[in-house]
Amino acid sequence: MGQIEWAMWANEQALASGLILITGGIVATAGRFTQWYFGAYSIAAGVLICLLEYPRGKRKKGSTMERCGQKYLTTVVKLFGPLTRNYYVRAVLHFLLSVPAGFLLATILGTVCLVIASVIYLLAAIRGEQWTPIEPKPKERPQVGGTIKQPPTNPPPRPPVEARKKPSVDEEEAASAGGPQVNPIPVTDEVV
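Residues numbered from 1 in each chain as written. Predicted model: local features only at pLDDT ≥ 70, side-chain atom pairs only at ≥ 80, totals over all residues. Heavy atoms only, no water.

The chain carries the name Cytochrome b-245 light chain in an unreviewed UniProt entry, which gives Cricetulus griseus as its organism. Within the UniProt record for the chain, the comment given under Subcellular location (unreviewed entry) is "Cell membrane". Comment text from UniProt for the chain, heading Sequence similarities (unreviewed entry), reads "Belongs to the p22phox family." (UniProt positions renumbered as here; feature names shortened; annotations may be inferred.)

Dropping the structure here:
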């Protein structure tokens, strides 16, 4: 059984917590809570987290499904270099961003989710994982002459080679003679 790639789970958790922080911040700010400025902070922190976490990292084994429009944010995240690649930095950043949002009831759920994402990123960093961007693979063009070996001899649909019926000697003689074929099943016509 393979090892778990913790960074993938942390990425999903952090992206969801960023969206939850934005939602809680909107509720706190629009509802004019007594400490509404923590709601405004949560909106800004949630947007920053979503921008940082939207590009998925490449998995070590297997294929990684790229998010829609990820390539544009990937170039921005790559610009920050080791600050965004290192999961220790992400774990500390997420933890520090979650602290002020914890003082308001509307954003407490986003805070808890972000702390959980921070712990998962710390675990991923301890295991030696790091963020690598998903690079587009260069498309290989097939060689025209190298792909076609022999043109087909019989028209489609073609059964598999094993299922193709080889004509018997009697059938070959009947086909070469050009005579009428005899139906082995008796046909009766009953009109009611």
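**Student:** Lay out helix α3 (residues 70-79) with the relevant residues and their values.
**Tutor:** Taken together, the buried positions of α3 are occupied by Q70, T74 and V77. For α3, the buried positions fall inside an angular range of 65 degrees around the axis, keeping them on one side. Seen from the buried face of α3, the exposed residues on the opposite side, beyond 90 degrees, are Y72 and L79. Contact partners of the buried residues in α3: α2 (36-53), α4 (82-85) and α5 (87-101). G81 lies just past α3 and shows a positive phi near 60 degrees. (Buried < 20%, exposed > 50% of the residue type's maximum accessible area, 1.4 Å probe, protein only. Helix = DSSP H or I, 4+ residues; strand = E, 2+ residues; numbered from the N terminus. Arc of directions from axis to C-beta. Contact = heavy atoms within 4.5 Å.)

**Student:** Kindly report on the packing of α2 against α5, identifying the contributing residues and their values.
**Tutor:** Relative to each other, α2 and α5 sit at 160 degrees, their axes nearing to 9 Å. Considered as vectors, α2 and α5 are oriented roughly antiparallel to each other. Helix-helix and strand crossings are classified by hand; for α2 and α5 the assignment is left-handed. Facing F38, Y41, S42, A45, L48, I49, L52 and E53 of α2, the residues of α5 in contact are R90, L93, H94, L96, L97, P100 and A101. (Axes fitted to C-alpha atoms, helices over the stretch in contact; angles between N-to-C directions. Parallel < 35°, antiparallel > 145°, perpendicular 65-115°, else oblique. Left-handed = near helix turned anticlockwise from the far one by under 90°.)

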